[in-house]
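Listed below, chain by chain, are the residues.
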Amino acid sequence: MRGERLPLGFVFRSRAKEEKAPGADKATVTDSKQSRDPQAPKGRPTPKRSQAQSQRRSVANTPVTRKEAAKRQRDERRAQLERQRQALAGGDERYLPARDKGPVRKFARDFIDSRFNVAEFFLPMAVVILVLSMIQVASLQSIALLLWLVVIVLIVLDSIVTGFRLKKRLAERFPDQNRRGAVAYALMRSLQMRRLRLPKPLVKRGERP
């Protein structure tokens with residue numbers, strides 16, 4: 001009926017529901033907006049901060065042009081060469097060139113560095129012989145020629161003995177490892193003066209490797 005009054009409880013309960021519903025919807029929308037990262041794809045969980053930072057760094061470090069990629073390769077090559085140079089001076093096995101790496105090559109170097117080799121004095125003796133041969137005196141030129149023969153014979157004999165001893169020591173020390181080329185590697189090192197050898201000698205003369 002038109003004149004019939006509605007209960008007060010019914011009126012207040014209806015208004016409370018109507019006022020509460022929009023607020024709940026807004027809270028739900030706000031929570032959903034705050035829970036998803038703007039950069040995250042729709043329908044996927046928000047990435048962690050550490051993952052997002054690593055992704056941004058990888059994107060930033062990716063070369064954009066061919067010029068930048070070539071520059072990065074040159075920088076990496078330069079850094080690698082610098083590490084090898086320091087390793088050759090200090091003997092760090094991690095950054096040595098491939099021909100110098102490994103316990104077999106290290107033992108071969110130490111074996112040569114621990115003894116006197118006739119071949120390492122070849123350059124000084126060659127200078128002396130060259131000076132003698134340039135003097136226009138027949139006797140001195142004959143002496144120079146004889147010295148050439150003596151030096152060559154001594155180097156050959158010393159290299160044969162050194163190679164034989166080193167090969168035997170390598171077979172005893174490294175029976176199960178690849179020793180190919182180690183003797184030739186050591187003999188080539190013996191041709192260099194001690195102070196000019198790379199990697200730098202790590203043992204003293206007379207010290208047993």
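J.: Would you mind showing me how to read the side chain of Thr162 here?
T.: Here Thr162 is to be found in helix H6 (residues 138-173). Residues in contact with Thr162, not counting those within four places in the same chain, are Phe111, Ile112, Arg115, Asn117 and Leu187.

J.: I tried to follow the side chain of Arg115 on my own but got confused; where do I start?
T.: Within the secondary structure, Arg115 sits in the loop between helix H4 (103-113) and helix H5 (122-134). The exposure class of Arg115 is buried, given its relative accessible area of 17%. Within the structure, Arg115 has its side chain in polar contact with the side chain of Thr162 (distance 2.7 Å). Ignoring anything within four residues of it in the chain, the contact list for Arg115 reads Glu120, Asp158, Thr162, Arg165 and Arg205.

J.: Teacher, can you tell me more about the pattern of salt bridges here?
T.: Oppositely charged side chains can form a pair if their charged atoms are brought close together. According to the stated counting rule, one finds nine salt bridges in the structure shown. With a shortest N-O distance of 3.8 Å, Arg197 and Glu120 are connected by a salt bridge. Of this pair, Arg197 sits in the segment after helix H7 (182-190) while Glu120 sits in the loop between H4 and H5; the two residues are 77 residues apart in sequence, bridging distant segments of the chain. Neither residue differs from the other here; Arg197 and Glu120 are each classed as buried. Of the charged contacts in the structure, one is a salt bridge between Glu120 and Arg205, with a shortest N-O distance of 2.8 Å. Here Arg205 lies in the segment after H7 and Glu120 lies in the loop between H4 and H5, a separation of 85 residues in the sequence. By relative accessible area, Arg205 is classed as partly exposed at 29%. Salt bridges sharing common partners tie together Asp113, Glu120, Arg189, Arg197 and Arg205.

Analysis parameters
Residues numbered from 1 in each chain as written. Predicted model: local features only at pLDDT ≥ 70, side-chain atom pairs only at ≥ 80, totals over all residues. Heavy atoms only, no water. Helix = DSSP H or I, 4+ residues; strand = E, 2+ residues; numbered from the N terminus. Contact = heavy atoms within 4.5 Å. Buried < 20%, exposed > 50% of the residue type's maximum accessible area, 1.4 Å probe, protein only. Polar contact = N/O pair within 3.5 Å; in protein donor to acceptor, adjacent residues only side chain to side chain. Salt bridge = Lys/Arg side-chain N within 4 Å of Asp/Glu carboxyl O.

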